[in-house]
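Analysis of the macromolecular model
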Amino acid sequence: MKIFLITAIFLLSIQTIYAHDVCNSTLENNTNMLPEGYCSISLGLQTDKTEYKNQEKITIYNILNDKNYNYTIDYWIEDEEGNTIKEKTSTTNTNNKQYTPKLDQDTTLIIKNNLTKIDCNNTINDTHNEIKVLVGVEENNIPSIKITKLYLNRTKKISIGQNLTAEITVYSGNNTEYEVYYHIKNITEIQNYTITGKYKNTKFNITLPIKYDCNISTNNYKFTVNSEDLEVEEEIVIINNCKINTSESKITDENTTIKQGQNFNTSESVINVLGGTVKGNLVYESSNVKAKNIATYLFMVALAAITMGIILTNKNTDKTIKESTEKWSSQLEQ
């Protein structure tokens, strides 16, 4: 009986060893059967834990089953809403990577990687991975306000008639409703935004229209965001672009003044003429008066010529001369 058992165990051991050798031989043969230039490379992803405290290091492992080829691995981190937490980074090795989160509230992070490049024709398409980890943040009762972005150029200049747009981040702390107010001091009306919920981190955009008011001076102004207990400011420059219109107005005013001056001078000349007439001095004589005088002289010459003709033809010369002389004298007196 004992001999039978020993023989059976021996036979089973030989079969197991043979099967293992056959399996390894098959894998090697499958690998060697790939055409030249082809490979079977898979990428994996791991972290040292699945739950972390805020500002605790997360260790990231990019895992390749074969490192005999040149490769590039991209890895990055997002939140559950698809917002980028850590920008995409490229690496050409599988050394451990680290990331330290600095968050305002509890967040689930999604760590991702991708085999972007490999110097062979890879027969495996499973080259992308993602892992979710939870980062817990201790609740902070103190609220905070930040102006995270002004949609202006580097000079922070804006003209009247334009809209100022800004991005604001607010943490509500232990307030159930947290009121935030914003405006440009001495330029716009105060507007408000309400964050509902405790320990809530909110990011939002606001827009403030700046009136096209030529009375606004080109100067530095304060864009202000505040609550009952906090206030943050950003300095901006508002440009008054009414200068061209003001110049045109000055030119118009100058032309009006010149015309008024000309009218005043003309009126003054007429007054001077009238004044000279009252004093008995001949200061001004119009063209109508001159024409009237010339016509009178011509009429008198014509009358004289007619009178002489009548005298020469009239028999009663003395009488005719007398009548003509009287008519002529009468005409001269007029």
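Residues numbered from 1 in each chain as written. Predicted model: local features only at pLDDT ≥ 70, side-chain atom pairs only at ≥ 80, totals over all residues. Heavy atoms only, no water.

Description of the sheet that holds strand β7 (residues 97-99)
Strand order in the open sheet made by the three strands is β2-β4-β7, with antiparallel pairing throughout. This sheet does not close on itself; its edge strands, each paired only once, are β2 (43-47) and β7. Recorded for the sheet is a direction-independent mean angle of 25 degrees between the axes of neighbouring strands. (Pairing = 2+ DSSP bridges. Helix = DSSP H or I, 4+ residues; strand = E, 2+ residues; numbered from the N terminus. Axes fitted to C-alpha atoms, helices over the stretch in contact; angles between N-to-C directions.)

Details of the environment of I145
Examined against the element boundaries, I145 turns out to sit in strand β11 (residues 144-150). Measuring from C-alpha to C-alpha, the distance between I145 and S227 comes to 8.4 Å, with 82 residues separating the pair along the chain. If we skip the residues at most four places from it in the chain, I145 touches I168, T169, V170, Y178, V225, N226, S227, L230 and V232. (Contact = heavy atoms within 4.5 Å.)

Focus on unusual backbone geometry
One non-glycine residue, Q55, adopts positive backbone phi at about 70 degrees. Mapped onto the secondary structure, Q55 falls in the loop between β3 (51-53) and β4 (58-64). For Q55, a relative accessible area of 54% gives the class exposed. Residue K156 is not a glycine yet carries a positive backbone phi of 55 degrees. Assignment of secondary structure puts K156 in the loop between β11 and β12 (157-159). (Buried < 20%, exposed > 50% of the residue type's maximum accessible area, 1.4 Å probe, protein only.)

Quick look at the nonpolar core
Residues I184, F223 and I238 are the most contacted members of the largest nonpolar core, which totals 25 residues. When residues of this core are traced back to their parent elements, those giving at least two are β11, β13 (163-171), β14 (177-184), β16 (201-209), β17 (219-226) and β18 (231-239). (Core = buried A, V, L, I, M, F, W, Y, C linked by side-chain atoms within 4.5 Å.)

A word on the packing of aromatic side chains
For the structure on display, the rule yields one aromatic pair. Pairing Y193 with F204 gives two aromatic rings, centres 3.7 Å apart and planes at 5 degrees, and the pair type is stacked. One end of the pair, Y193, is in strand β15 (residues 191-196); the other, F204, is in strand β16, with 11 residues separating them in the sequence. The class of Y193 is partly exposed, set by a relative accessible area of 31%. (Phe/Tyr/Trp six-rings, centres within 6.5 Å; stacked < 30°, edge-to-face > 60°.)

Section: the pairing of β14
Across six bridges, the pairing between β14 and β15 is antiparallel. Along β15, the bridge assignment pairs Y178 with I195. Connecting β14 to the next strand, β15, in antiparallel fashion are six residues, including N186 with a positive phi near 70 degrees. Summarising the sheet, β14 and β17 pair through four bridges and their orientation is antiparallel. Its bridge partner lying in β17, I184 is registered against F223.

Considerations on the side chain of N113
With respect to the helices and strands, N113 occurs in strand β8 (residues 107-118). Here the side chain of N113 touches G44 through a polar contact of 3.1 Å, landing on its backbone oxygen. Of note is the side chain of N113, whose polar atom sits 3.0 Å from the side chain of N62. Sequence-distant contacts of N113, that is, excluding residues within four places in its chain, are made with L43, G44, L45, N62, I73, D74, Y75, W76, T127, H128 and N129. (Polar contact = N/O pair within 3.5 Å; in protein donor to acceptor, adjacent residues only side chain to side chain.)

Side note on the state of the cysteines
Where two cysteines share a covalent bond between their sulfur atoms, that bond is called a disulfide. Under the counting rule described, the total for this entry stands at two disulfides. Residue pairing for C39: its cysteine sulfur links by disulfide to C120, the two sulfurs lying 1.7 Å apart. Negative torsions about the S-S bond denote left-handed disulfides, and the value of about 55 degrees found for C39 with C120 makes this one right-handed. Residue C39 is located in strand β1 (residues 38-39), and its partner C120 is located in the loop between β8 and β9 (121-122); the two are separated by 81 residues in the primary sequence. Under the relative-accessibility criterion, C39 is labelled buried at 2%. Residue classification places C120 among the buried positions, given a relative accessible area of 11%. Here C214 is linked by a disulfide to C242, with a sulfur-sulfur distance of 1.9 Å. Linking C214 and C242, the disulfide has an S-S dihedral of approximately -75 degrees and is accordingly described as left-handed. Residue C214 is found in the loop between β16 and β17, and its partner C242 is found in the loop between β18 and α2 (243-278); the two are separated by 28 residues along the sequence. Given the relative accessible area of 41%, C214 is considered partly exposed. A relative accessible area of 2% places C242 in the buried class. (Disulfide = S-S within 2.5 Å.)

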